[in-house]
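Chain by chain, the residues run as shown.
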Amino acid sequence: MKTRQTLALCLICIGGTAAAECASDAQIDAYVADYTSNTPAKALAAGGSMDDALCTQAKLVKALTAHMGPVVGYKAGLTSKPAQERFGVTEPVQGVLFRDMMLQDGAEVPEKWGARPVFEADLLLVVGSGAINDATTAEEAMPYISAVRPFIELPDLSVAEGEPITGVTLTASAVAPKLGVMGAEIPVGDPGAMYTALGTMMVTLSAADGEVLAQAPGEAVLGHPVNSAIWLMSKGIALKPGDLVSVGSFGPLVPPVKGKGGASVQYSGLPGDPTVSVTFK
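Residues numbered from 1 in each chain as written. Predicted model: local features only at pLDDT ≥ 70, side-chain atom pairs only at ≥ 80, totals over all residues. Heavy atoms only, no water.

J.: Even after reading the chapter, I still don't get the overall build of the chain, so can you show me in this structure?
T.: Secondary structure summary: the chain contains eight helices and 13 strands in total. Dimensions of the chain along its principal axes, counting C-alpha atoms only, are 50 × 45 × 30 Å. Out of the 281 residues in the chain, the part that is buried amounts to 55%. Partitioning the intrachain contacts of the chain with sequence separation of at least 6 by distance along the chain shows that 79% fall at a separation of at least 24. Just so you have it, the chain exposes about 11200 Å², and 54% of that area is on carbon and sulfur atoms. The average position of the 18 basic charges and that of the 28 acidic charges among the side chains of the chain differ by 6 Å. (Helix = DSSP H or I, 4+ residues; strand = E, 2+ residues; numbered from the N terminus. Buried < 20%, exposed > 50% of the residue type's maximum accessible area, 1.4 Å probe, protein only. Contact = heavy atoms within 4.5 Å. Areas by Shrake-Rupley, 256 points an atom, 1.4 Å probe, with all protein chains shown as cover. Lys, Arg positive; Asp, Glu negative; His and termini not counted. Charge placed at Lys NZ, Arg CZ, Asp CG, Glu CD.)

The following block contains the structure:
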């Protein structure tokens, strides 16, 4: 499930004529070994350009599918102002979602699910039609989204202390995918009504004891959550029916200790005010 951009970058990685400096096979192998053992890793593409990062991401994703299953969707990371401020960027970064990272509502996960685990309130869009690729605005894209799903993402920042965590190194890592917990699908029966609900909903991330850790409106993500899909497509990603799109964080990344044993997210204003939860073992 490769994008046009990824295919082009793969050609660079295997000997095309463009100038991107991909990570070496040895660097990819070392990163994958650390990733799969939850060992702090050396940052990929540190000091490089975004082209270097995207080329490295293509090689890394290919290597990780043997451990994480195929790519089932895409993620726009750093889509909220707090996340962008933390990592010193002014636009999102792009990554992928793997099949085997996706868990169901109420899942139990180890408290140390990665070398540097964090969690965040997120949301998934389920692509219903490839016609979404012709959309240029969130409102135009909405009819081609078949459902939305509550989502707590559990990324792993993965790199060792002292290694740089920047937009470039995050992109090289495919934006730190590790685990994620999905709520039930909410079908999009009325695209106009869902478009309004997504923009005006209030997303509340809470610890296991009910303490509110973060709260943000739907518009906190790029002005409207569906703009994440628009941004990804603007970067050359071609979406297909069934693809999942992680819209990004509604607030800051949170370390597991602040969850006090778990986390939940409520989406007030979506049909049924749905929730999703995870327990940290």
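J.: Just checking my understanding: could you explain helix α3 (residues 50-68) for this structure?
T.: The sharpest bend along α3 comes to roughly 25 degrees, located at K62. Within the sequence span of α3, burial applies to D52, A53, L54, C55, T56, Q57, A58, K59, L60, V61, L64 and M68. N-cap assignment for α3: the residue whose side-chain oxygen lies 3.3 Å from the backbone N of D51 is S49. G69 sits one or two residues past α3 and shows a positive phi near 80 degrees. (Bend = angle between axes of the 7 residues up to and from the residue. Polar contact = N/O pair within 3.5 Å; in protein donor to acceptor, adjacent residues only side chain to side chain.)

J.: How should the pattern of salt bridges be read in this particular structure?
T.: Pairing between side chains of opposite charge can happen when their charged atoms approach one another. The tally for this structure, following the rule as stated, stands at eight salt bridges. The partner of D156 in a salt bridge is K178, with the nearest N and O atoms 3.4 Å apart. Remark: K178 occurs in the loop between α6 (167-172) and β7 (179-182) and D156 occurs in the loop between β6 (145-154) and α6; sequence separation between them is 22 residues. What makes D156 buried here is its relative accessible area of 2%. A cluster of three or more residues bridged by salt bridges with shared partners is formed by D209, E211 and K260. (Salt bridge = Lys/Arg side-chain N within 4 Å of Asp/Glu carboxyl O.)

J.: Help me understand the state of the cysteines, please; the structure alone is not making it clear to me.
T.: Two cysteines form a disulfide when their sulfur atoms are joined by a covalent bond. Tallied over the entire structure, the rule returns one disulfide. Note on cysteine connectivity: C22 is disulfide-linked to C55, with sulfurs 1.6 Å apart. Taken together, the residues C22 in the loop between α1 (4-13) and α2 (25-36) and C55 in helix α3 connect sequence positions 33 residues apart. (Disulfide = S-S within 2.5 Å.)

J.: What is the right way to look at unusual backbone geometry in this model?
T.: Most peptide bonds are trans, and most residues other than glycine sit at a negative phi. Unlike most non-glycine residues, A45 shows phi in positive territory, near 65 degrees. Residue A45 is classed as buried on the basis of its relative accessible area of 18%. One non-glycine residue, V175, lies in the positive phi region at around 65 degrees. Looking at where V175 falls in the secondary structure, it is placed in the loop between α6 and β7. For V175, a relative accessible area of 7% translates into the label buried.

J.: I'm lost on the sheet that holds strand β10 (residues 212-217) in this one. Help?
T.: Backbone-to-backbone hydrogen bonds pair the strands of a sheet. The strands run either parallel or antiparallel. The mixed open sheet is built from five strands, whose spatial order is β4-β13-β12-β9-β10. Each edge of the open sheet carries a strand with a single partner, namely β4 (108-109) and β10. Alignment of strand β9 (residues 202-207) against strand β12 (residues 262-268), held across six bridges, turns out to be antiparallel. For T204, the partnering residue across the bridge sits in β12 and is Q266. (Pairing = 2+ DSSP bridges.)

Any functional reading would require information beyond the geometric quantities listed.
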